[in-house]
Structure formats: structure tokens, C-alpha cells
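The primary structure of each chain is shown beneath.
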Amino acid sequence: MNWFSSIFAAVQQWLFESFIQPVAFALGAGNLLEDGYAATGWLVVGLLQIAVMVLVFGTAQRLWPVEKVTDRHAIRVDVLYTLLHRLGIFKLMMFFTFEEWALQLFGVLRAHGLPTLQIDQIWPGVSDVAWVSFLLYLVVFDALGYWVHRFQHRFHWWWQLHAVHHSQRQMTMWTDNRNHLLDSVLVDLVFVAAALLIGVGPSQFVALVALSQLFESLQHANLRWPWPRWAERMAVSPRFHRRHHEVALGHEPGHTQAHPYGANFGILFSVWDILFRSADWQGGYKATGIDDQVQSGRDYGRGFWAQQGLGIARLFKRDAGLSRRVGQVRSNQ
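Residues numbered from 1 in each chain as written. Predicted model: local features only at pLDDT ≥ 70, side-chain atom pairs only at ≥ 80, totals over all residues. Heavy atoms only, no water.

Description of the overall build of the protein chain
Then, in step 1: When helices and strands are counted, the protein chain shows 15 helices and zero strands.
Then, in step 2: Per-residue burial for the protein chain yields a buried fraction of 47% across its 333 residues.
Then, in step 3: Contacts spanning at least 24 positions in sequence make up 72% of the contacts within the protein chain whose residues lie at least 6 apart.
Then, in step 4: Of the roughly 17200 Å² of accessible surface on the protein chain, 67% is carried by carbon and sulfur atoms. (Helix = DSSP H or I, 4+ residues; strand = E, 2+ residues; numbered from the N terminus. Buried < 20%, exposed > 50% of the residue type's maximum accessible area, 1.4 Å probe, protein only. Contact = heavy atoms within 4.5 Å. Areas by Shrake-Rupley, 256 points an atom, 1.4 Å probe, with all protein chains shown as cover.)

Here we look at the confidence of the model for the protein chain
Then, in step 1: With 78% of its residues at a pLDDT of at least 70, the protein chain reaches an overall mean of 83.
Then, in step 2: Per-element confidence in the protein chain is highest for helix H12 (residues 271–275), whose mean pLDDT is 96, and lowest for helix H15 (residues 319–332), whose mean pLDDT is 50.
Then, in step 3: Confidence drops under pLDDT 50 across residues 324–333; counting only partners more than four residues distant or on other chains, this segment forms four contacts. (pLDDT = per-residue confidence, 0-100.)

A word on the packing of aromatic side chains
Then, in step 1: Tallied over the entire structure, the rule returns 14 aromatic pairs.
Then, in step 2: Each ring, one from Trp147 and one from Phe151, has its centre 5.9 Å from the other, and the planes form 40°; the classification is tilted. Residue Trp147 and its partner Phe151 are located together in helix H6 (residues 130–154), separated by four residues, close to a single helical turn.
Then, in step 3: Over the face of the ring belonging to Tyr285 we find Arg224, whose NZ or CZ atom lies 4.6 Å from the ring centre. (Phe/Tyr/Trp six-rings, centres within 6.5 Å; stacked < 30°, edge-to-face > 60°. Lys NZ or Arg CZ within 6 Å of the ring centre and 35° of its normal.)

What to know about the packing of helix H7 (residues 156–166) against helix H14 (residues 304–315)
Then, in step 1: Here H7 crosses H14 at 165°, and the two axes come no closer than 8 Å. Classified by the angle their axes make, H7 and H14 are roughly antiparallel. Note that H7 runs across H14; the crossing there is right-handed. The segment H7 lies against H14, with Trp157, Gln160, Leu161, Ala163 and Val164 engaging Gln307, Gly311, Arg314 and Leu315.
Then, in step 2: Its residues assigned to classes, the contact of H7 with H14 shows five nonpolar, three polar and one charged. (Axes fitted to C-alpha atoms, helices over the stretch in contact; angles between N-to-C directions. Parallel < 35°, antiparallel > 145°, perpendicular 65-115°, else oblique. Left-handed = near helix turned anticlockwise from the far one by under 90°. Nonpolar A, V, L, I, M, F, W, Y, C, P; charged D, E, K, R; others polar.)

Right, here's the structure in full:
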């Protein structure tokens, strides 16, 4: 992997020196060059991810689709979300706001004796082999991701934000990043805090996030790709995750089903769903969405800003009035 790291570093350096650095100096932000270099790394990672998505996942979707594409507008909105997240724009905003505050807070807490949970302290020498420590961090992050995702469905207030993700009825490889920005902020802060606590290095953190994001894009793809039974019991397949998005599964708290808050919460490994009894193997390739969206026409927003606004309105139980105003705007267009 040294050859890949060398190529990646060369591309990052060229992009930074050719574009980011001149822009930073032109804007009088020369003091932020170090942060700009880090942001350039996220940009390169995002470009690589999008290239894989378009060339590999996109081709597979056209060859073996689950359903015919009928709502291209909804997919274009998801593309906007993907560009916002994968090209480092959201990550850059987070760094200069919440993540920077989190770093300062951790510095203060550690100065006052906050203990760390670094894996190398628990298991001395394990980080000496890079790929071993990477796999350990991957398992820890995936277990954390499972519980974060489960809490997004379990807590009513968090579901009001997470519902933006589930409101997509035309799932494709772009759907993974369709999230309310406040929801993304909360999730990002959880993982940044975890990385700081267990001692994940910056480069490993980027690799962990990039691998997870790319695999999640595959899970959301409009792709009829059956996996062998043994493989699906180990990793989250597109079929397994589509079951998580099915209309009939029920997501709202209090739904009278075997899984009242949903099922199949795994991010990379389905073993967590098996271990904590949230796996549901009955799904096929059925319609996706939210119960009240389909059955009673509840408005979750067609465009980016409508989805963000309605998410906040639901959070404060004011979405009925906002939904009516959104509908009126549409009817007047």
C-alpha cells in the first residue's frame, strides 16, 4: 500500500499548491494553510469515492437495477448531498466550528485528568502493525455506528432528523449522504470524540471514514445483487440494507411490529444485528420510504432546503404548518 500512499500524497500536494494555497493567500487566510492541506486530503478522498461510485456502482445499477428510475429530481438532490459531504465541504465547516470546539474541550478535560481509552494502552504493541490496528479501529467504529444508528431510530427526537434519510423513495448509490445537517453534526461529533478517546491517528481516521462511506454507498445502490447466505451474515448487503428502508418495516416509535423501531441497523458488519437481535432477513426488494409518508402523504420535502426546514419543524412539532406552506409554494409554481 506504500505506492498508493505515495500517489495519494503527491496528488494532495499538487492540488493544494496549485489551487488551495493560492486561494488562501488571495483571501488573506494564510494562517489556515495547515487546515487547508488537511481539507485537500478529504477532497482527494471524495473525488476517488465519486469516481468509484460513477464507474463501478453506477454501471452495476444500470445493468441490474431493483426498480426503474422514475424520480430523477429526488436523485439530483441526493447528488447535492453527496457532493456536500464527499468533497469535504461539510467536513471543513465542521472543523472550523464544532470539531475545533471538541478538540479544545478534550484538551481542557485531559489537562484535568480525563483518562484515555487508547487501544495501545489496553493492548500494548498492537498499533505497531498498521493493518492490525486499522482493523481493530474499524470494528470499534462499526460497533459504535450500529448503536448510533439504532438510537437514531429509538429516540423520537433524533428520528425527526434521521427521517430525512429514510424519506427517499428512489434509493440509489447517492442516497447514503441524504441526511439532515444537524443529524450529520451529531454523528460526526460522536465519531470525532471516539477517535480522540481511543487514539486514532488522522490518516487512519480519514481511511476509516472513506471506507465506511464507500461501502454505505454500495448498500444504498439501486442494485439487485443477491449475496450468498454466509456473506450476508457477515457484511451488510444492498438487499439487507434495503430491508431497513422498506415502507412496511415501520420506523416511528410505537409501531406495532416485531421491530417497532426498525431493523438491520448495521453499517459494515451484519454481525451486530445478529448479536443484538435486530436482524430481519425477510426483506426482498420492496418499496422504500416512511409509513406516514406513503399512507397519509406526510410531507418530508422535495428539495434540499425543504427537507432541512421540515426536519427542524418536526423536531419542534411544527411541521404541519410548514408542510402546508411548502405545498402552497409548489402549487403556485
